[in-house]
Amino acid sequence: MYAPHETYDAIIIGARVAGAATAMLLAKGGARVLLVDSAARIGDTLSTHALMRPAVALLERWGLAEKLVEAGTAVVTNTTFHYDRERISIPLKPVGSLPGLISPRRWLLDPMLVDAAVAAGAEVRLSTRFEGVTTGADGQVSGVVLCDPNGHAYSARCRLLVGADGRVSRVAGAVKAPVLKATPRGAATIYGYFADIPNEGYRWMFSPSLQTGLIPTNDGLHCVFASCPPADFRVRFGDDAGSGLVAAIAATDPDVAEQLASAGATQRLIRFGGAPGHIRAGAGAGWALVGDAGYFKDPATAHGISDALLDAHRLSGAVLSGAGLRAYVRQRNAHGFEFLQLTTKIGALDWSLETLKLHHQRLSAIINAESAELSDPAELRVAA
């Protein structure tokens, strides 16, 4: 049994990328932090794996990027965009000590961040459910009600409650976080892991009503995916998912499709039916949201993990520097609405290839701006 009415500087609900990174950074800054998750263990989860430059820069800063590579994560030094049969190949610049980018499996990345949070001084409680919030007379969140593995409910106080509990966030519901922008359901996706595919970097492939790709990840495997409009999903992948995935890749690269057909998936293919996107209010009276809890978009732009790490960086910096929650929300929203809009357009899969190229150019400019934010001396003072 835990002592009732314990007081923390921050209680974070959700111990995956966004929550664990936030806990680590706040604890490093001297805050007393409780990190909570309903899962009994932090293992694998649905993911595109790909990390963009800001995310890798943060992991490098935190001393985790090289550990991920040492644990078998592939390094990506090139990205190629296939617009039907046209190919545009772009060499990637080094990030710190790494020659390029990385795309770790979630069974590796998430527990590593949890371990880093513990090493920084955060307390972690798994198999623990979030049941609701407590508030003061002024309506500000003052604590939480949790339920331990034996079903016993208890309360804990906090100065800040952080919801990092995913797209369907119970914390967001409990604090009645307003939805600032919602988008329609995106594409439906199927993906799996394939061995014996040469690491030629990130490969993003586009043809009419179809997006496919290959992402080098851990232990010599590639994450291979295909996305299409939900109405087309059963026709493309319903009868024989493996053959459907190979055929989708063949639309832009028959040679890679032949490699996939020869290799075969290392496990059963995984389906994601698509989900609406949203930006919720990022913070309120005694609470904040990070990761998918506050900001979820279609996986089409593979930026979800990067968003989660940026949220952790921005929120912890705003809290520890005294800049406040408004500073966090301002930074998160600076590019968030435009990125959501562009991702929605790409995920709809109803573009012309020339229009799609313009969307990608604008996304690249936003990612460059996010990277510049991390090197801005004024921003570093806020996020110290």
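Anything mentioned here points back to the structure above.
Quick look at the structure, then. (Residues numbered from 1 in each chain as written. Predicted model: local features only at pLDDT ≥ 70, side-chain atom pairs only at ≥ 80, totals over all residues. Heavy atoms only, no water.)

## As for helix H4 (residues 106-120)
- With 15 residues, H4 should reach 21 Å at 1.5 Å per residue; the first-to-last C-alpha distance of 21 Å fits that figure.
- Taken residue by residue, H4 has Arg106, Leu108, Leu109, Asp110, Met112, Leu113, Val114, Ala116 and Ala117 as its buried positions.
- Taken from the residues just after H4, Gly121 is the one with a positive phi, measuring 115°. (Helix = DSSP H or I, 4+ residues; strand = E, 2+ residues; numbered from the N terminus. Expected span 1.5 Å × (residues − 1). Buried < 20%, exposed > 50% of the residue type's maximum accessible area, 1.4 Å probe, protein only.)

## Focus: the sheet that holds strand E13 (residues 202-207)
- In spatial order, the strands read E5-E4-E13-E14-E15-E12-E16; together these seven strands make up an open sheet with mixed pairing. Among the strands making up the open sheet, the edge pair consists of strand E5 (86-91) and strand E16 (270-272). Between one strand axis and the next, the sheet turns through 15° on average, direction left out of account.
- Pairing of strand E12 (residues 188-194) with E16, which is carried by three bridges, proceeds in the antiparallel orientation. By the bridge assignment for E16, Ile190 is matched with Arg271.
- Each of E12, strand E14 (210-216), strand E15 (222-228) and E16 is contacted by helix H6 (residues 230-237), which is oriented at about 120° to E15, the strand it contacts most.
- The strands touched by helix H11 (residues 353-375) are strand E4 (78-83), E5 and E13; relative to E4, the strand with the most contacts, the crossing angle is about 155°. (Pairing = 2+ DSSP bridges. Axes fitted to C-alpha atoms, helices over the stretch in contact; angles between N-to-C directions. Contact = heavy atoms within 4.5 Å.)

## Some points on the pattern of salt bridges
- Scanning the entire structure with this criterion turns up 14 salt bridges.
- For Asp9, the salt bridge is made with Arg159, and the minimal N-O distance between the two is 2.8 Å. One end of the pair, Asp9, is in strand E1 (residues 6-13); the other, Arg159, is in strand E10 (residues 153-163), and 150 residues separate them in sequence.
- Residues Arg106 and Asp110 are paired through a salt bridge, measuring 2.7 Å at the closest nitrogen-oxygen approach. Here the residue Arg106 and the residue Asp110 both occupy positions in helix H4, the gap between them amounting to four residues, near one helical turn. (Salt bridge = Lys/Arg side-chain N within 4 Å of Asp/Glu carboxyl O.)

## A short note on the packing of aromatic side chains
- What the rule picks out here adds up to seven aromatic pairs.
- Their ring planes at 85° and their centres at 6.0 Å tell us that Tyr191 and Tyr193 sit as a pair that is edge-to-face.
- The buried category is assigned to Tyr193, whose relative accessible area is 1%.
- Centroid distance Trp204 to Phe225: 6.2 Å. Interplanar angle 50°. Geometry classified as tilted. Here Phe225 lies in strand E15 and Trp204 lies in strand E13, a separation of 21 residues in the sequence. (Phe/Tyr/Trp six-rings, centres within 6.5 Å; stacked < 30°, edge-to-face > 60°.)

## Thoughts on the layout of surface pockets
- The computed volume of the largest pocket comes to approximately 890 Å³.
- Listing elements by their share of the lining of the largest pocket, those giving two or more residues are helix H1 (17-28), E12, E14, E15, strand E20 (295-296) and helix H9 (304-321).
- Residue contributions to the lining of the largest pocket peak at four residues, all from H9.
- Looking at the lining of the largest pocket, its residues break down into 20 nonpolar, 12 polar and eight charged.
- Taken together, 28 residues form the lining of the second largest pocket, with Thr79, Phe81, Ile90, Ser364 and Ile367 sitting closest to its centre. (1 Å grid on protein atoms, 1.4 Å probe; cavity = no way out; pocket = protein on both sides within 12 Å on 5 of 7 lines; lining within 4 Å. Points joined across faces, edges and corners; volume = space filled by probe spheres on them. Nonpolar A, V, L, I, M, F, W, Y, C, P; charged D, E, K, R; others polar.)

## Quick word on the side chain of Asp148
- Structurally, Asp148 can be placed in the loop between strand E9 (141-147) and E10.
- We note that Asp148 is buried and unpaired, the nearest opposite charge coming from Arg129 at a distance of 7.7 Å.
- A polar contact of 2.9 Å, which involves the side chain of Asp148, links it to the backbone nitrogen of His152. (Lys, Arg positive; Asp, Glu negative; His and termini not counted. Polar contact = N/O pair within 3.5 Å; in protein donor to acceptor, adjacent residues only side chain to side chain.)

Interpretation note: all reported values are geometric properties and have no functional meaning in isolation.
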